[in-house]
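# Coordinate inspection notes
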Amino acid sequence: MTEPTHDPAEELQAPDEPSEPRWRETLSALLKNRLAAAGMIVLALLILSAVFADLVAPYAYTDGDIVRRLEPPGRDHWFGTDELGRDVLSRVIFGARVSLQVGAVAVGISLMVGTLIGLISGYRGGWIDAVLMRTMDVLFSFPVVLLAIAIVAVLTPSLRNTMIAIGVVFTPIFARGVRGSVLSVREEVYVRASRSLGASDWRIISRHVLPNVAAPVIVQTSLSLAFAILTEAALSYLGIGVQPPRPAWGLMLLDAQGFIPTGAWWMSLFPGLAIFLTVMALNLVGDGLRDALDPKQRSIIQSRGVT
Amino acid sequence: MGRYVLRRTAQAAVALLGVSIVVFALIHLVPGDPVRPALGTRFDQELYETLIARAGLDQPLLLQYWNWLTSALTGDLGVSFRTGQPVTGALLQRLPATMLLAFAALLVGLLIALPAGIVSAVRQGRPVDYAASSFSQIGVSVPDFWFGLLLILVFARSLGWLPPSGYVSPLEDPVEAIRRLILPATTAGVVTGAILTRFVRSSVLEAMGAEHVRLARAKGMPERYILRHHVLRNAWIPVVTITGLQLATLLGGIVVVEVVFAWPGIGRLALDAVVRRDYPVLQGAVLLIATGFLLINLLVDLLYARLDPRITTS
């Protein structure tokens, strides 16, 4: 007997399984949503300037002209200069690289680990589920910034450890979300049908479970990116995230605070504005994605404020 | 109801046990010797050995955990590697400042969110609704420490109206205490207010859509009466819940605001402990905040179940 290439259960397809046209639909819904479209444009610009920072930035981020230190915004330095005479605009541009990198890697870690844990937990059930979920509960019992601080305290502060800490902190959000989706899909008629026809676990997970958890995971990824970038900025501001001389926005604000008495407002204003715009853009795209993909999903506020 | 209370409490107890394991593990996950770096140049063999013995670091791991846990339960969190002083004393000394800031911030948040949320629900789709939702969108995207820096720039440095930082106990000088509290409480409160505004708006909207509200309106009752007696009475339950959860979140996130304003609270203490590698203090601070966080969440859940009995059956 040959392996059946066609799974009859697929005819009982879940109505919301994503397929090509659905993606196009999502994208056009996203573009029609003006706020989300604006968010995507800002994000695209940010990514471009991060990637081509060497070309876009007028100066190198380490280039200091000590004679022209603490200069307010002017023709040569649009965002002014810092206490070492470095160009704030160039440092903000190079800072985008750090922020986006930390955000992407950290959320990448929580996305992969969290999805895996959620899949195993939801699909296997039993004691594995109990152990994994209680572990996630414990991680969830710590306030986010505090847990990140504790992890960094153990690992010593650095760019890499910031990513690891934020990655660990956000893992339970993904694990719980995916587990919930898996539990609801697992008992669907078409999945039970597929199982009774002898489909392997792998086949059921890849054909039926994963496509159904994709939408909420995508939304969560975008919203988590926003929050991860905020957390990185906070850790760097506290001096336990990204370390100098690397230009991170939070670190620039830490520097800037020391020069508030001198009235160097530009050192505080621009790096913070960059964080704010990036986070806002990601939130708008995330909200737009949620409306387009998964209207039932919890709002961004719920996914962050109420842990 | 009783079963729910029992189950939810047991769940919190298990989580708390897990938290204690993680906090205990902190000091053991540090690569190398945890005591030596804290002493730095003041290194002294006798002091070093005393600290090791006092922290029980010379005993088997399981016994260490047991001793640490039972002492923690009686309020003994060990001594600081830096000062040799009891950790519990240091925490208690810092606690009032943190509580004051957290409650003040919550008050600011509610003062913003209640009017903004109710008005924007009542005037749904009107300009005031857009203004409120823009505010909350901006509020959740603003890094709180940056907002704090801007407030210092404007109100302390440029206008000179308020002191830029520091803490004065309200028992010593109430007026000065409030002047010092305004900027940090606004910083943490605006972000909280932004989050709460959305919840207030959506729970008022939900209550407004209820059958009995439509009936009241059909009977021709005045809108103001309907709002007060039918809508807000139902809307306040979720709002109370969210407010409680926000308090927990505030407590956890307040470390950053404490640093901006040189506010001598628990968060600041925890951060200093990280920098100084003073692990017992870090453990104590983390344990205290995480326990508070868990307890508030538990209380809010139980309160919610009490206010809305449908929760326990689902």
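Residues numbered from 1 in each chain as written. Chains lettered and ligands numbered in written order. Predicted model: local features only at pLDDT ≥ 70, side-chain atom pairs only at ≥ 80, totals over all residues. Heavy atoms only, no water.

### Things to note about the overall build of chain B
Assigned secondary structure in chain B consists of 13 helices and zero strands. Along its sequence from the N terminus, chain B presents helices and strands in the succession α-α-α-α-α-α-α-α-α-α-α-α-α. Per-residue burial over chain B gives 47% buried out of 314 residues. Considering only intrachain contacts with a sequence separation of at least 6, the fraction spanning at least 24 residues in chain B is 74%. Distance between charge centres in chain B, computed from 26 positive and 19 negative side chains, equals 13 Å. (Helix = DSSP H or I, 4+ residues; strand = E, 2+ residues; numbered from the N terminus. Buried < 20%, exposed > 50% of the residue type's maximum accessible area, 1.4 Å probe, protein only. Contact = heavy atoms within 4.5 Å. Lys, Arg positive; Asp, Glu negative; His and termini not counted. Charge placed at Lys NZ, Arg CZ, Asp CG, Glu CD.)

### Regarding the environment of Ser99 of chain A
Residues and elements named next belong to chain A. Within the secondary structure, Ser99 is located in helix α4 (residues 88–124). Considered as a pair, Ser99 and Ala248 are 149 residues apart in the sequence and their alpha carbons are 6.7 Å apart. Residue contacts for Ser99: discarding those within four places in its chain leaves Ile229, Glu232 and Trp249. Separated by 3.3 Å, the side chains of Ser99 and Glu232 make a polar contact. (Polar contact = N/O pair within 3.5 Å; in protein donor to acceptor, adjacent residues only side chain to side chain.)

### Examining the domain arrangement of chain B
All names here are of chain B. We note that the domain assignment places domain 1 (2–87) and domain 2 (93–308) within chain B. Counting residues at the interface gives 25 residues for domain 1 and 19 residues for domain 2. Interface area lost by domain 1 to domain 2 is led by Arg8, Val23 and Arg82, which between them contribute 23%. The interface formed by domain 1 and domain 2 holds one salt bridge in total. Put simply, Asp301 and Arg8 hold a salt bridge, and the shortest N to O gap is 2.6 Å. Taken together, the connections running from domain 1 to domain 2 amount to six residue pairs in polar contact (both at pLDDT 80 or more). Mapped onto the side of domain 1 that touches domain 2, the elements with two or more residues apiece are α1 (2–29), α2 (36–39) and α4 (61–73). Grouping the constituent residues of the side of domain 1 that touches domain 2 by class yields 20 nonpolar, three polar and two charged. (Domains from an automatic or database assignment. Buried area = accessible area lost by both parts, 1.4 Å probe. Salt bridge = Lys/Arg side-chain N within 4 Å of Asp/Glu carboxyl O. Nonpolar A, V, L, I, M, F, W, Y, C, P; charged D, E, K, R; others polar.)

### Observations regarding the packing of aromatic side chains
In the structure shown here, the tally under the stated rule is eleven aromatic pairs over all chains. By way of ring pairs, the aromatic residues Phe79, Trp265, Trp266 and Phe270 of chain A are connected into one cluster. (Phe/Tyr/Trp six-rings, centres within 6.5 Å; stacked < 30°, edge-to-face > 60°.)

### Structural notes on a nonpolar patch on the surface
Residue and element names in this part refer to chain A. Taken together, the side chains of Ile47, Leu48, Val51, Phe52, Leu55 and Val56 define a hydrophobic patch exposed on the protein surface, amounting to about 590 Å² of accessible area. Contributing elements (two or more residues each) for the nonpolar patch: α2 (34–51) and α3 (53–56). The element best represented in the nonpolar patch is α2, accounting for three residues. (Patch = residues over 30% accessible without salt bridge, like charges linked within 9 Å, V, L, I, M, F, W, Y side chains within 5 Å. Areas by Shrake-Rupley, 256 points an atom, 1.4 Å probe, with all protein chains shown as cover.)

### Remarks on the packing of helix α10 (residues 249–257) of chain A against helix α11 (residues 265–293) of chain A
Residues and elements named next belong to chain A. Packing of α10 against α11 leaves a shortest axis separation of 8 Å and a crossing angle of 155 degrees. The pairing of α10 with α11 is recorded here as roughly antiparallel in orientation. Handedness of the α10/α11 crossing: left-handed. Contacts between α10 and α11 involve Trp249, Gly250, Met252, Leu253, Asp255 and Ala256 on the former and, on the latter, Met267, Ser268, Pro271, Gly272, Ala274, Ile275 and Thr278. Taken together, the residues of the contact of α10 with α11 sort by class into eight nonpolar, four polar and one charged. (Axes fitted to C-alpha atoms, helices over the stretch in contact; angles between N-to-C directions. Parallel < 35°, antiparallel > 145°, perpendicular 65-115°, else oblique. Left-handed = near helix turned anticlockwise from the far one by under 90°.)

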